[in-house]
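# Inside the fold
Okay, here's what each chain looks like letter by letter:
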Amino acid sequence: MSMIAAFYGGKSILITGATGFLGKVLMEKLFRTSPDLKVIYILVRPKAGQTLQQRVFQILNSKLFEKVKEVCPNVHEKIRAIYADLSQNDFAISKEDMQELLSCTNIIFHCAATVRFDDTLRHAVQLNVTATRQLLLMASQMPKLEAFIHISTAYSNCNLKHIDEVIYPCPVEPKKIIDSLEWLDDAIIEEIAPKLIRDWPNIYTYTKALGEMVVQQESRNLNIAIIRPSIVGATWQEPFPGWVDNINGPNGLIIAAGKGFLRALKATPKAVADLIPVDTVVNLMLAVGWYTAVHRPKSTLVYHSTSGNLNPCNWHKMGVQVLATFEKIPLERAFRRPYANFTSNNFTSQYWNAVSHRAPAIIYDCYLRLTGRKPRMTKVMNQILRTASMLEYFINRSWEWSTYNTEMLMSELSPEDQRVFNFDVRQLNWLEYIENYVLGVKKYLLKEDMAGIPEAKQHLKRLRNIHYLFNTALFLIVWRLLIARSQMARNVWFFIVSFCYKFLSYFRASSTLKV
Ligand SMILES: CCCCCCCCCCCCCCCCCCCCCC(=O)SCCNC(=O)CCNC(=O)[C@H](O)C(C)(C)COP(=O)(O)OP(=O)(O)OC[C@H]1O[C@@H](n2cnc3c(N)ncnc32)[C@H](O)[C@@H]1OP(=O)(O)O
Ligand SMILES: NC(=O)C1=CN([C@@H]2O[C@H](COP(=O)(O)OP(=O)(O)OC[C@H]3O[C@@H](n4cnc5c(N)ncnc54)[C@H](OP(=O)(O)O)[C@@H]3O)[C@@H](O)[C@H]2O)C=CC1
């Protein structure tokens, strides 16, 4: 029997961010491996016209939870959605709900965050810093609490090259920032934001670093651990390979590449692509929850959930495999044939943006206009290029994350736990993983039917023919213009024609002789 699975049996677990990518996979694994857990409290806000109950219903009825329903048929009864908005005071939780949470919670997994790179400083601090402080305050009033697991990011210290599993101090005290945001108006906050974040690439990573400092400062005598995943990707193995459900991180770019919108990227081909499958992160989270509660380390331990130093893959290898998969399993209705050109050179990147991205979008929009339809491709292309530029910082650098604590924990697990809660990324076969990832993007994110593959292949063939036709026509037009204007071009043309003529005459003469 797995010790970790047994540990969560009978427990009341509080999860923030349960409706997010990581949160859903965490809940799924908990229910599947510890169906006898007492309850999972999730802090949820209504969203996109859906009530709390509708959101929970949708999650539990999704494909991700199919296996859970077999092992834990009463899963609906074990999940308790609590109305909460983490950007509000006291999270806007009702008194009764708060009382229940304070008196019953055994373990907290704090996943909620704003992960947008371009969020306002005010909102990002509210979510990633103030809410963390508020949750720690709540945790300190929970008599039954055994462990508090905070999810940060491996990029919270991306202004450093080598990152250890320690909490680094930030230049400005989080408390000072929280206090000043209370009286500064929005315009001033946005003005000072770039100065505050200094060498952090965006507000997200900066506020996640502040969040870690808050954890350290407000930890009191709680059992706390911090987990820092790198770029969280689709599931590797569990509950099935390739599950993914949002367009964050690589997902949006994989779609843009598969649809033929994005054919070049400013990326350093040899830089490490530090992807980590979401189920690997979740297994580590559950193992850390168990270890922190049972072994009670004296200080707050940080665990890196990264792949780079144990099983590195680079962007070139990833790009090649993504394209190879699209050859076999193309996306439907592609705009152009998928192609990947990675360049770290600024000039070349601008060139590809103009030639490979903007020009085809403008031409296509002209075609839409001429056929009486609304042009839209330039807008789509601008959106994709904006996203790609926001991610540029992360695909043009490599970091070294030490993983002593993560490896130590691995060695503490029983063989059964190592199997059930596997977070040993050394066992990951990248080529297989990326293929399943791309397939998952097609199936679970774009909801494309596999029966449409032959038609998608036909469509790509048509695009290839259009491409050849277009290039030939373009060549002939340019050549014709050159001949009309330049004597040198005319000379070259006559030379080529007379050379071909001589060659043909020689060929004809030699075949006549043979006869
Ligand atoms: C050459 C070709 C290549 C080929 C080969 C390819 C190989 C692969 C290469 C891969 C290289 C990967 C590099 C990864 C590096 C990651 C580093 C992460 C490091 C940190 C990791 C972390 O620690 S943590 C999480 C990271 N954090 C994010 O990764 C959020 C980022 N991102 C944003 O910060 C905002 O995204 C940003 C961008 C501001 C735009 O913002 P924006 O406002 O312009 O656009 P939005 O995102 O809002 O959405 C735009 C439209 O998508 C719609 N949409 C939204 N969700 C949807 C859904 N689920 N399904 C359907 N549609 C959805 C939405 O409804 C909009 O549609 P509409 O316009 O019609 O309304
Ligand atoms: N994905 C990645 O690549 C990485 C993620 N991480 C970290 O992992 C954690 C989870 O990320 P991920 O699952 O990808 O992110 P998602 O954006 O998918 O999920 C974020 C979660 O936070 C919730 N949330 C946001 N704002 C509020 C609010 N005001 N009140 C209540 N809930 C709120 C969201 O709820 P709602 O559904 O209502 O919006 C959602 O459940 C984050 O802490 C992130 O920093 C770290 C490294 C990489």
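Because the structure is a prediction, the values reported are computed rather than measured.

### Here we look at the pairing of strand β7 (residues 224-229)
Of all six residues making up β7, six are buried, and the element is well covered by its neighbours. Burial of the side chains of β7 extends over both faces: Ile-224, Ile-226 and Arg-228 are buried on one face and Ala-225, Ile-227 and Pro-229 on the other. Sheet topology note: the strand β5 (residues 147-151)/β7 ladder contains four bridges and is parallel. The residue of β7 that forms the bridge with Phe-148 is Ile-224. As defined by bridge partners, β7 adjoins strand β11 (residues 301-305) across five bridges and the pair is classed as parallel. Each bridged residue has a counterpart across the sheet, and for Ile-227 the counterpart in β11 is Tyr-303.

### Observations regarding the environment of Ser-344
Position of Ser-344 among the secondary structure elements: in the loop between β12 (341-343) and α14 (346-370). Of the residues examined, Ser-344 reaches a relative accessible area of 44% and is grouped as partly exposed. Considering only alpha carbons, one finds Ser-344 and Asn-396, 52 residues apart in sequence, at a separation of 7.1 Å. Once residues within four sequence positions are removed from consideration, Ser-344 is found in contact with Lys-266, Ala-267, Thr-268 and Asn-396.

### What about the nonpolar core?
With 157 residues, the main nonpolar core has Ile-15, Phe-109, Met-285 and Leu-409 as its most contacted residues. Top element by residues in this core is helix α12 (residues 278-295). It accounts for 11 residues. If sequence neighbours within four positions are ignored, Phe-109 has contacts with Tyr-8, Ile-13, Leu-14, Ile-15, Thr-16, Leu-26, Ile-149, Met-285 and Leu-286.

### Some words on the sheet that holds β7
With parallel pairing, seven strands are arranged side by side in an open sheet as β3-β2-β1-β4-β5-β7-β11. Only two strands of the sheet have a single partner each, and these edge strands are β3 (79-83) and β11. Each neighbouring strand pair of the sheet contributes to a mean axis angle of 20°, computed without reference to strand direction. Across four bridges, strand β1 (residues 12-16) lies against strand β4 (residues 107-110) in parallel orientation. For Ile-15, the partnering residue across the bridge sits in β4 and is Phe-109. With respect to the sheet, helix α3 (residues 52-60) is in contact with β2 (39-44) and β3, its orientation differing from that of β3 by roughly 145°.

### Some thoughts on the domain arrangement of the protein chain
Its domain assignment divides the protein chain into domain 1 (3-239 + 271-311 + 401-445) and domain 2 (457-514). When each unit is reduced to the centre of its C-alpha atoms, the spacing between domain 1 and domain 2 is 61 Å.

### Some details on the site of ligand 1
Around ligand 1, a shell composed of 32 residues is seen, among which Arg-116, Phe-117, Thr-153, Gly-249 and Gln-383 lie nearest. The backbone of Phe-117 places a nitrogen or oxygen atom 2.8 Å from an oxygen atom of ligand 1. Within the side chain of Thr-153, one N or O atom sits 2.8 Å away from an oxygen atom of ligand 1. Across the complex, the protein chains shield 72% of the 1500 Å² of accessible surface that ligand 1 would expose by itself.

### Thoughts on the pattern of salt bridges
Tallied over the entire structure, the rule returns 22 salt bridges. Here Glu-212 and Arg-228 are joined by a salt bridge, their closest N and O atoms 2.7 Å apart. One end of the pair, Glu-212, is in helix α10 (residues 203-217); the other, Arg-228, is in strand β7, and 16 residues separate them in sequence. Residue class for Glu-212 comes out buried when judged on its relative accessible area of 1%. Between Glu-448 and Lys-259 there is a salt bridge, with the nearest N and O atoms lying 3.1 Å from each other. Of this pair, Glu-448 sits in the loop between α18 (430-445) and α19 (453-485) while Lys-259 sits in the loop between α11 (250-258) and β9 (264-266); the two residues are 189 residues apart in sequence, bridging distant segments of the chain.

### Digging into the site of ligand 2
Near ligand 2, the surroundings consist of 26 residues, among which Thr-19, Arg-45, Arg-55, Tyr-204 and Lys-208 are the closest. In the model, an oxygen atom of ligand 2 is placed 2.7 Å from a nitrogen or oxygen of the Thr-19 side chain. At 2.8 Å, a side-chain N or O of Lys-47 approaches an oxygen atom of ligand 2. Its free accessible area being 880 Å², ligand 2 has 90% of it covered by the protein chains. Contributing elements (two or more residues each) for the shell around ligand 2: α2 (21-33) and α10. Among the residues forming the shell around ligand 2, the class breakdown is 13 nonpolar, eight polar and five charged.

### Some thoughts on α14
Taking 1.5 Å per residue, 25 residues should reach 36 Å; α14 reaches 35 Å between its end C-alpha atoms and fits that length. Within α14, burial applies to Ser-349, Asn-353, Ser-356, His-357, Pro-360, Ala-361, Asp-365 and Leu-368. On its buried face, α14 sits against β9, β12 and α15 (377-395). Capping the start of α14, Asn-345 holds a side-chain oxygen 2.8 Å from the backbone nitrogen of Phe-347, two or three residues further along. Just past α14, the residue Gly-372 takes up positive phi, approximately 75°.

### Notes on the packing of aromatic side chains
The full count for this structure, using the stated rule, is 24 aromatic pairs. When the centroid spacing of 5.2 Å and the interplanar angle of 90° are considered together, the rings of Tyr-155 and Trp-399 count as edge-to-face. Residue Tyr-155 is located in the loop between β5 and β6 (162-163), and its partner Trp-399 is located in the loop between α15 and β13 (400-401); the two are separated by 244 residues in the primary sequence. A relative accessible area of 6% places Tyr-155 in the buried class.

### Here's the deal with unusual backbone geometry
A cis amide bond links Glu-238 with the next residue in sequence, Pro-239, at an omega value of -10°. One non-glycine residue with positive phi stands out, namely Ala-92, at about 55°. Within the secondary structure layout, Ala-92 lies in the loop between β3 and α6 (95-104). Judged by relative accessible area, which is 34%, Ala-92 ranks as partly exposed.

About the criteria used
Residues numbered from 1 in each chain as written. Chains lettered and ligands numbered in written order. Predicted model: local features only at pLDDT ≥ 70, side-chain atom pairs only at ≥ 80, totals over all residues. Heavy atoms only, no water. Buried < 20%, exposed > 50% of the residue type's maximum accessible area, 1.4 Å probe, protein only. Helix = DSSP H or I, 4+ residues; strand = E, 2+ residues; numbered from the N terminus. Pairing = 2+ DSSP bridges. Contact = heavy atoms within 4.5 Å. Core = buried A, V, L, I, M, F, W, Y, C linked by side-chain atoms within 4.5 Å. Axes fitted to C-alpha atoms, helices over the stretch in contact; angles between N-to-C directions. Domains from an automatic or database assignment. Near = heavy atom within 4 Å. Polar contact = N/O pair within 3.5 Å; in protein donor to acceptor, adjacent residues only side chain to side chain. Areas by Shrake-Rupley, 256 points an atom, 1.4 Å probe, with all protein chains shown as cover. Salt bridge = Lys/Arg side-chain N within 4 Å of Asp/Glu carboxyl O. Nonpolar A, V, L, I, M, F, W, Y, C, P; charged D, E, K, R; others polar. Expected span 1.5 Å × (residues − 1). Phe/Tyr/Trp six-rings, centres within 6.5 Å; stacked < 30°, edge-to-face > 60°.

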